[in-house]
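# Residue-level structure breakdown
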Amino acid sequence: MFYYNLRYHFKTKPGSPESGCGSIVLASAVAAEEMSRRQFKNYPHLQHRIFDPQLYLAGLDPRTAEGTVRKLSSYKWFGGQSVPEYDSSKHGSMKTYRATYGEQLLEGWSRSLPKDLSSIGQAARAAVEFQLNLGCEAILLPSPMTDTHRSGYQEEVQWLDAGLEASRELRVSLPVYATVALTSNVLRGTSPLREGLLNAVSGHVASRERLAGAYIVIEQGDEQKVDCTSGDTLASLLLLIDDLVRGAGRQVIVNYMGTFGAIATAAGASIWATGYYPSQRRLRFADFDDKEAFAYPRYFSVRLLGDVGIRDDLLTLCKRNLSSRILTDTTSARSLHAALRRGEAPDSLPLWEYKQGNHSLAMPHYYECMYTFGRHLHSMERTERVEFVDKWLASAAALAAELRAVKPKLSGRTELSHQETWLTEFRKWRGYAES
Amino acid sequence: MTRIRLEPEDVTRALEGRYAGMTPLGSGGQGTVFRCHRLKTKDRKVADDEVALKLYSKKAEVERIEREVQALGRIRHPNLAGLIEYGTVTMGGQVVRYVAYQFIDGVALDRRILASPIAPATVSAVGRDVAAAIGDIWKERIVHRDVSPKNVMLRTGERDAVLIDLGIAKHLSQAPLTSKGTVWGTPGYMSPEQVAGTLKLSCASDIYSLGVVMLEGLAGKHPTDGDQDDLINTRVVAADVVPSAPAGLVQLIQRMLSPRMTFRPLPSAVAERCAILAKTL
């Protein structure tokens, strides 16, 4: 099932799917005092909601990511218990409250997490309580980022058991998921099947009966593309999902993997979340840095499993009679497709014009693509889905190869570098799973 | 520190008024063990309960005993040898530590296997009881790390089994007994992740070891003749080792021996499945 990976704005643009999907709400997107006052009932896509406490972002640098750190630090599991909880009758507006306590929270941001079990227990409980109060459909237990093999997964296990203990104390009846947060650095350079860390990670989730499964995010600090191009990372993700779903009979939620989240449903993931902007499709610490830039619109092609450059490439490819293999029909893209067939550039349509901040139709187009593709995959039996994804990836890889050969070369905004890797890693996983 | 000779009469004298009728059961790397009776505190008469009394004096043994006492202090389970008391006595001018456990009337599985292969129903009963014990200690986040035939007692009558010796059991929050990278366990019974020795173990490791124990019980000999490397490098096919054993039991053991932790069943699932097999085979 497709879930939105939401940022600050919960309201989706007209044309975006609303029912039959859900949302993941992020601690880094909205400060605690505001999050707990947001009205969820107004948004159909938030009726199924999960809140990610994002403890794995504890290492963010406030010198470069001050805006995000200010938001995160307001949550109790990051140290927000050092200031009084927001109360409008005492503190006035949220702006006044932030002006009073914001600096204190920022100064208290140590880029590290508590080591003693008592503090870990308090923090884990605060994260569970917050999600209960938010009316989430499942609880994500907070976890630090695993960025080294050296600690032997000790710290993560302490947080996991503290979260489980808090869930027991609070009599949580909702499904409880362990957060598995890994950096791609720990996944590189070794065969995932021989990788002891992955075995330990999935083993610890599987050995705790209370857990419904795992919520997996992978930080891709060295990824230059929007879509993951690291074979080791992709293979590790598929293997983790397979271990947990086929091995241990648990559920898996995947976030921040873009459209590969949909591919991951073939390995058994039950929920996958992504978002329109690159920072919602992949998890990179650098994406949390304070920036003023406004993004350009992006056009997503389901057949290519990637974006096609709007400004130059879309019209070029349609003129070469590739429109049927490139374009994905959605409500939001109909006017664009009609213009392209007439030989007109996207810039002729104000709502598709290639200019910063113009996402009026590109964004709902992307979400409709994700929703429809995800729903189609979800409707299949597992073996049928595996077969379908295999063929789809093969077709996307062939199309990408064909587009790479187009002369003159397409702009860098058309994404052609990940499809072959996705296909290779998917087939490796399939070979393992079926052996 | 020189090792003290722990003769029955010396031990009886040292523990006079508390324990009587010392019969040596064995001596080795885990100290010296006696079977005896505990005396009632008030009248010093022989109590009903028989006791296995372990005495230790070496530093390494002391660390193990303290670890075991800590582990057993948290848990009471019918398939774990219960802790009765622990303390110290002075013998020959040296402090000797002792632990008294509930005495298990039966035979250690390694000795029983030497006699003959074990019937599938009995192996299932062992699986049921030891998996239940593994599950219970795991609730306290303790991993036994040494599930092997020598640490499983088959009670007289062969209807139930008890897991003993939590001497190298490890709570997840505990530091290793020695330097990092040291592997603890009995060669021939360790899971791949236990051999790797670098990551936090879970109950899945004990389940792997139990799978080896059960297969050895059925076959009457270790599946790789005790070779640890062969055990994890060559995929042991349980059906080849015991071709005539009941398919349901063999399939369960095969899953317990999975190299990947998540593909091994949980202790509760092993206990449940084995309980059914023990009744029906």
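Residues numbered from 1 in each chain as written. Chains lettered and ligands numbered in written order. Predicted model: local features only at pLDDT ≥ 70, side-chain atom pairs only at ≥ 80, totals over all residues.

## Re the overall build of chain A
- When you go through chain A residue by residue, the secondary structure sums to 16 helices and ten strands.
- Buried positions account for 51% of the 435 residues belonging to chain A.
- Considering only contacts in chain A between residues 6 or more positions apart, those separated by 24 or more positions represent 73%. (Helix = DSSP H or I, 4+ residues; strand = E, 2+ residues; numbered from the N terminus. Buried ≥ 20, exposed ≤ 12 C-beta atoms within 10 Å, placed from the backbone. Contact = placed C-beta atoms within 7 Å.)

## A few points about the packing of helix 7 (residues 196-206) of chain A against helix 8 (residues 231-247) of chain A
Residue and element names in this part refer to chain A.
- At a closest axis distance of 10 Å, the pairing of helix 7 and helix 8 adopts a crossing angle of 30°. Classed by the angle they form, the pair helix 7 and helix 8 counts as roughly parallel. Pair helix 7 / helix 8 crosses with right-handed handedness. Side by side, helix 7 and helix 8 meet where Leu-198, Val-201, Ser-202, Val-205 and Ala-206 of the first sit next to Ser-236, Leu-239, Leu-240, Asp-243, Leu-244 and Gly-247 of the second.
- Split into classes, the residues belonging to the contact of helix 7 with helix 8 amount to seven nonpolar, three polar and one charged. (Axes fitted to C-alpha atoms, helices over the stretch in contact; angles between N-to-C directions. Parallel < 35°, antiparallel > 145°, perpendicular 65-115°, else oblique. Left-handed = near helix turned anticlockwise from the far one by under 90°. Nonpolar A, V, L, I, M, F, W, Y, C, P; charged D, E, K, R; others polar.)

## Thoughts on the interface of chain A and chain B
- If you look at the interface, chain A gives 20 residues, while chain B gives 18 residues.
- For the side of chain A that touches chain B, the secondary structure elements donating two or more residues are helix 6 (154-169), helix 7 and helix 8 of chain A.
- If one sorts the elements of the side of chain A that touches chain B by residue count, helix 7 of chain A sits on top with eight residues.
- Of the residues contributing to the side of chain A that touches chain B, the split by class is seven nonpolar, ten polar and three charged.

## Focus on the sheet that holds strand 8 (residues 152-155) of chain B
Residue and element names in this part refer to chain B.
- If you trace the three strands from one edge of the open sheet to the other, you get 6-8-9, paired in antiparallel fashion. Each edge of the open sheet carries a strand with a single partner, namely strand 6 (106-108) and strand 9 (161-163). Between one strand axis and the next, the sheet turns by 25° as a mean value, whatever way the strands run.
- Alignment of strand 8 against strand 9, held across three bridges, turns out to be antiparallel. Among the inter-strand pairings, Met-153 is bridged to a residue of strand 9, identified as Val-162.
- Helix-sheet contacts for helix 4 (residues 120-139) involve strand 8 and strand 9, and the interaxial angle to strand 9 is about 30°. (Pairing = 2+ DSSP bridges.)

## Comments concerning the packing of helix 15 (residues 382-404) of chain A against helix 16 (residues 419-434) of chain A
Residues and elements named next belong to chain A.
- Remark: helix 15 packs on helix 16, axes separated minimally by 8 Å, with the N-to-C direction vectors making an angle of 150°. It follows that helix 15 is roughly antiparallel to helix 16 by the angle criterion. In the crossing of helix 15 with helix 16, the sense of the turn from one axis to the other is left-handed. Along its contact with helix 15, which presents Val-386, Val-389, Asp-390, Leu-393, Ala-394, Ala-396, Ala-397 and Ala-400, the element helix 16 presents Gln-419, Glu-420, Trp-422, Leu-423, Phe-426, Arg-427 and Arg-430.

## Describing unusual backbone geometry
Residues and elements named next belong to chain A.
- With an omega of -10°, the peptide bond between Lys-407 and Pro-408 qualifies as cis.
- Of note, Pro-408 is situated in the loop between helix 15 and helix 16.
- In the Ramachandran plot, Gln-54 falls in the positive-phi region, its phi being about 55° despite a non-glycine side chain.
- Counting through the fold element by element, Gln-54 comes out in the loop between strand 3 (49-52) and helix 2 (66-73).
- Of note in this structure, Arg-111 is not a glycine but carries a positive phi near 65°.
- Note that Arg-111 resides in the loop between helix 4 (94-107) and helix 5 (117-133).

## Examining the environment of A:Ile120
All names here are of chain A.
- Secondary-structure assignment places Ile-120 in helix 5.
- In the structure, Ile-120 is positioned 43 residues away from Trp-77 in sequence and 8.4 Å away in space, judged by C-alpha atoms.
- Setting aside residues no more than four positions away along its own chain, Ile-120 makes contact with Pro-114, Gln-158, Trp-159 and Ala-162.

## Things to note about the nonpolar core
- In terms of nonpolar packing, the biggest core is built from 216 residues, with A:Tyr177, A:Ile216, A:Ile241, A:Ala264, B:Val130 and B:Ile134 touching the most fellow members.
- Dropping the residues within four chain positions of it, B:Val130 is found in contact with B:Asn79, B:Val147, B:Val152, B:Ala161, B:Leu163 and B:Leu210. (Core = buried A, V, L, I, M, F, W, Y, C linked by C-beta atoms within 7 Å.)

## Topic: the domain arrangement of chain A
Residues and elements named next belong to chain A.
- Taken domain by domain, chain A consists of domain 1 (2-288) and domain 2 (299-420).
- The interface of domain 1 with domain 2 comprises 22 residues on the first partner and 25 residues on the second.
- Among the secondary structure elements, those contributing two or more residues to the side of domain 1 that touches domain 2 are helix 9 (260-267) and strand 8 (271-274).
- Looking at the side of domain 1 that touches domain 2 residue by residue, the class counts come to eleven nonpolar, eight polar and three charged. (Domains from an automatic or database assignment.)

## Overview of the domain arrangement of chain B
All names here are of chain B.
- Per the domain assignment, the segments of chain B are domain 1 (8-102) and domain 2 (106-280).
- With 13 residues of domain 1 at the contact, the number on the domain 2 side is 18 residues.
- For the side of domain 1 that touches domain 2, the residue count by class is five nonpolar, three polar and five charged.

## Quick look at the pairing of strand 5 (residues 94-102) of chain B
Residues and elements named next belong to chain B.
- Summarising the sheet, strand 4 (residues 83-91) and strand 5 pair through eight bridges and their orientation is antiparallel. Bridging across to strand 5, Tyr-86 finds its partner in Val-99.
- From the end of strand 4 to the start of strand 5, which pair antiparallel, there are two residues, and Gly-92 there has a positive phi angle of about 60°.

## Description of the sheet that holds strand 7 (residues 251-255) of chain A
Residues and elements named next belong to chain A.
- Ordered by their spatial adjacency, eight strands build an open sheet running 3-2-1-8-7-6-5-4, and the pairing between neighbours is parallel. Of all strands in the sheet, those bounded by a partner on one side alone are strand 3 and strand 4 (139-141). Looking at each pair of strands side by side, their axes are set apart by 25° on average, direction ignored.
- Where strand 7 and strand 8 come together, three bridges link them in parallel fashion. Across the sheet, the residue bridging to Asn-255 is Ala-273, located in strand 8.
- Packing against the sheet, helix 6 makes contact with strand 4 and strand 5 (176-183), and its axis sits at approximately 145° to strand 4.

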